[in-house]
Amino acid sequence: MSIEQLIGDCINKDIKAQEQLYKLYAPKLFSVCLKYSRNAIEAQDNLQEGFLLIFEKIHLFSFKGSFDGWAKRVLINYILQQYRTETFLSLVDENIKDEIEVEIEEEEVSMDFLLKIIQELPDRYRLVFNLFVIDEYTHHEIAELMKITVGTSKSNLSRAKMILKQKIEQHSNNNNDIPFVK
C-alpha cells in the first residue's frame with residue numbers, strides 16, 4: 001500500500017491504517033520527542049498525544065512535501081504548545097554577545113551521553129537548542145513558535161551551549177582521570 005493510500009485511509013478514520021501509519025512513523029517521531037522532552041517517559045507521552053493530533057489533523061496534509069516533515073512539524077508544535085502553558089518560557093530579554101562554539105571529539109562523547117545532557121538542560125534552553133541546532137529553525141522562527149523575542153532565543157541558545165560545553169568538558173576531564181585498563 002502506498003503512503004498516499006495509507007494517508008487517505010487514515011483520513012477516512014480507518015483504524016487499521018492508523019495502526020500501520022503509527023508503526024511506520026513512531027520510531028522516527030519518537031526520536032523527535034526525545035529531543036524535546038525531559039526524559040523518555042515524557043517523550044513517550046508526547047508521542048502518543050502527538051499521534052492523536054496527527055490523526056485529528058491528517059486531513060490538512062496537502063501532499064505537498066513529505067509526510068515525514070509535516071508530521072514532525074505537527075509533533076514539534078504540539079510539544080511546544082505543552083511548554084507554552086508553563087510560565088518558564090516568559091524570560092527577560094538578555095543580550096549575549098559572544099557565540100559559544102562547542103567542539104566535540106567523537107571518541108570522547110557518545111551519542112547517548114549527548115542526548116542525556118541535552119535532556120538535562122532547562123526546558124527553555126533544550127527547546128531552543130534543538131530547534132536551532134538540530135532542526136535548523138532560525139531565531140525568528142523560534143521566537144514565533146515559542147512566543148519569545150529573538151534576543152531571548154539567542155540568549156537561551158548561548159546559555160544551552162555554555163551548559164553543554166561545561167558538561168562535556170567535565171565528562172572529558174573525568175574520563176582522562178581514569179587510567180586506561182586493558
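Located above this text is the structure these notes cover.
So what exactly am I meant to see when it comes to the environment of Ile7 here?
When you line up the elements, Ile7 lands in helix H1 (residues 3-11). In this structure the C-alpha to C-alpha distance between Ile7 and Phe61, which are 54 residues apart in sequence, comes to 8.8 Å. The residues contacting Ile7, other than those within four sequence positions of it, are Ile58, Phe61, Phe63 and Phe67.

What is the right way to read the nonpolar core from this model?
In a soluble, globular protein the nonpolar side chains are often hidden away together inside. Core analysis: the largest hydrophobic core is formed by 49 residues, its most contacted members being Leu21, Leu29, Phe51, Ile54, Phe67, Leu131 and Met146. Of all the secondary-structure elements, those providing two or more residues to this core are H1, helix H2 (15-36), helix H3 (40-57), helix H4 (67-84), helix H5 (111-119), helix H6 (123-134), helix H7 (139-146) and helix H8 (150-177). With ten residues, H4 is the largest single contributor of residues to this core. Filtering out sequence-adjacent residues up to four positions away, Leu29 remains in contact with Leu47, Phe51, Ile54, Ala71, Lys72 and Leu75.

What is the right way to read the environment of Glu4 from this model?
Along the chain, Glu4 falls in helix H1. With a relative accessible area of 46%, Glu4 lands in the partly exposed category. Residues Glu4 and Phe67, spaced 63 residues apart in sequence, show a C-alpha to C-alpha distance of 9.2 Å.

Parameters and conventions
- Residues numbered from 1 in each chain as written.
- Predicted model: local features only at pLDDT ≥ 70, side-chain atom pairs only at ≥ 80, totals over all residues.
- Heavy atoms only, no water.
- Helix = DSSP H or I, 4+ residues; strand = E, 2+ residues; numbered from the N terminus.
- Contact = heavy atoms within 4.5 Å.
- Core = buried A, V, L, I, M, F, W, Y, C linked by side-chain atoms within 4.5 Å.
- Buried < 20%, exposed > 50% of the residue type's maximum accessible area, 1.4 Å probe, protein only.

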